[in-house]
Every structure is written in C-alpha cells, then in structure tokens.
Amino acid sequence: MDFLILVLFIPACFALNMIPGPNNLLSMANAQRYGFKYAVGAGIGRIFAFVVMIFLAATGLATVLYASETIFLTIKIIGAVYLFWVAFKLWNSKTSEVEEQKEHNNSIYLLAKQEFLLAAGNPKAILIFTAFLPQFIDANQSSGSQFFILGATFLLLEFLAISVYAIFGVYLRNWFSKPNMKQLFNRFCAFFIGSIGISLLIERKV
C-alpha cells in the first residue's frame, strides 16, 4: 500500500474515531462509573463489531446493506431504540450499583456486549466503512490487502480513542466524587446518547 495514502488516512481516520458518538460517550461514562479497566475492556465489544463491519465492507456486503432501504431503516430503528435503552439505564443508574457491578464476574463481558450492540446498531458506522475506507483504496492494487491494512489501522486508532475517553472519564471521577454529582454526570451522558438516538431516527439516508 502507498505510504503517502496511509499518512493521509491516519489523521482523517483518527478524527472520525474521536467524534463524541454514543460509544465514546459510553466509554467515558463506564470509566467514570467503574474505572479505566472496565471501560477499555468493554471497548473490545465495539472493536469486535467493527471487525465484522470491515469484513462486510471488504466483501461488498456492507454496500448491499446500505443500499437496501428496508434493511437500513430496520438497523436505524433498532439502533435508535437501543440508544434510548442505554440512555434510560444511565439516567436511572444509582451509585450503589457500581460496586454491585464490579463484584459481578461477568461485568466486563456485559459492558462489552453493550458496546457491541451499540456499535452494531449504528448505521453511521456502516457508512464509514462503505464510503470512507474505499476512498483510500488504490484500484490498481489488491483491494483485500489494502482493506486489511486500513481496517487494522482504523481498529488501532479506535482502541486509542477508547483509551482517551476512558482516561477522561477516570479524570472526571475526581470532579464527580459525590453521589449527586455522579448522578448528574450519568444523566448528562444519557441526555446526549438519547439525543443521538433522536437524530438517528429523523436523519435521512444520503
């Protein structure tokens, strides 16, 4: 793969990774509630969802999914409903639930599952892999190997974004140490996640 293309891809890609979407807000909220390890561990669920999407994009199936009005609308509705559910859970979460969650053996697994479903239900992620990645593919070279390199780079940068938001969330724990302030922060994240769900429903496919 052309090194210059990769140099151009990395900053543009990282800008997308750092957008405060629902998954990044959830990472920040998880870090604030449970700690850095839990937030980063949960982020693996998001990475797995993106691995599936990159595979679909490389095989051309993602383009078919995006082109289908019915499938795209179904994904959008399911994704929006799940965003509302996550927002509802965050809004009504209690600080006492944090310790209970930490004591649960499958807590990271459950948080990772939540991240996976949130990422998989976001049709904007499909658009990234069907419209953004192909712009950096050289038609004169093997598209498979290029998708692999771009996809691996995207995932590494996404994991870095998860870590950055998790660090920010941990930093906020010092600011929101009181139970009422923690609840305020959770509801702040819930409000924005719910707002993203509303925008997802009303936004038209381009």
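Heads up: these notes are all about the structure in this document.

Rules used in this analysis
- Residues numbered from 1 in each chain as written.
- Predicted model: local features only at pLDDT ≥ 70, side-chain atom pairs only at ≥ 80, totals over all residues.
- Heavy atoms only, no water.
- Helix = DSSP H or I, 4+ residues; strand = E, 2+ residues; numbered from the N terminus.
- Buried < 20%, exposed > 50% of the residue type's maximum accessible area, 1.4 Å probe, protein only.
- Contact = heavy atoms within 4.5 Å.
- Axes fitted to C-alpha atoms, helices over the stretch in contact; angles between N-to-C directions.
- Parallel < 35°, antiparallel > 145°, perpendicular 65-115°, else oblique.
- Left-handed = near helix turned anticlockwise from the far one by under 90°.
- Nonpolar A, V, L, I, M, F, W, Y, C, P; charged D, E, K, R; others polar.
- Salt bridge = Lys/Arg side-chain N within 4 Å of Asp/Glu carboxyl O.

Examining the overall build of the chain
(1) Moving on: Scanning the chain for helices and strands turns up 10 helices and 0 strands.
(2) Moving on: Listing every helix and strand of the chain by position from the N terminus yields α-α-α-α-α-α-α-α-α-α.
(3) Moving on: For the chain, the proportion of its 206 residues judged to be buried stands at 44%.
(4) Moving on: Considering only intrachain contacts with a sequence separation of at least 6, the fraction spanning at least 24 residues in the chain is 87%.

Regarding the packing of helix α2 (residues 22-34) against helix α3 (residues 36-59)
(1) Moving on: Their axes nearest at 7 Å, the elements α2 and α3 cross at an angle of 150 degrees. Viewed along their axes, α2 and α3 adopt a mutual orientation that is roughly antiparallel. You can see that α2 and α3 cross each other, and the crossing is right-handed. Contact with α2, carried on its side by Asn23, Asn24, Ser27, Asn30, Ala31 and Tyr34, involves Phe36, Tyr38, Ala39, Ala42 and Arg46 of α3 and no other residues of that element.
(2) Moving on: Taken together, the residues that form the contact of α2 with α3 break down as 6 nonpolar, 4 polar and 1 charged.

Details of the pattern of salt bridges
(1) Moving on: Under the definition given, this model contains 2 salt bridges.
(2) Moving on: Between Arg46 and Glu115 there is a salt bridge whose closest N-O contact spans 3.1 Å. Pair noted here: Arg46 is in helix α3 and Glu115 is in helix α7 (residues 107-120), with a separation of 69 residues, a long-range link. Of the two residues examined, Arg46 and Glu115, each falls in the buried class.
(3) Moving on: The partner of Glu158 in a salt bridge is Arg46, with the nearest N and O atoms 2.6 Å apart. Of this pair, Glu158 sits in helix α9 (residues 143-175) while Arg46 is found in helix α3, placing the two residues 112 residues apart along the sequence.
(4) Moving on: Glu158 sits in the buried class, given a relative accessible area of 5%.
(5) Moving on: Take Arg46: its relative accessible area is 0%, and that puts it in the buried class.

Without other data, these values stay purely geometric and don't point to any function.
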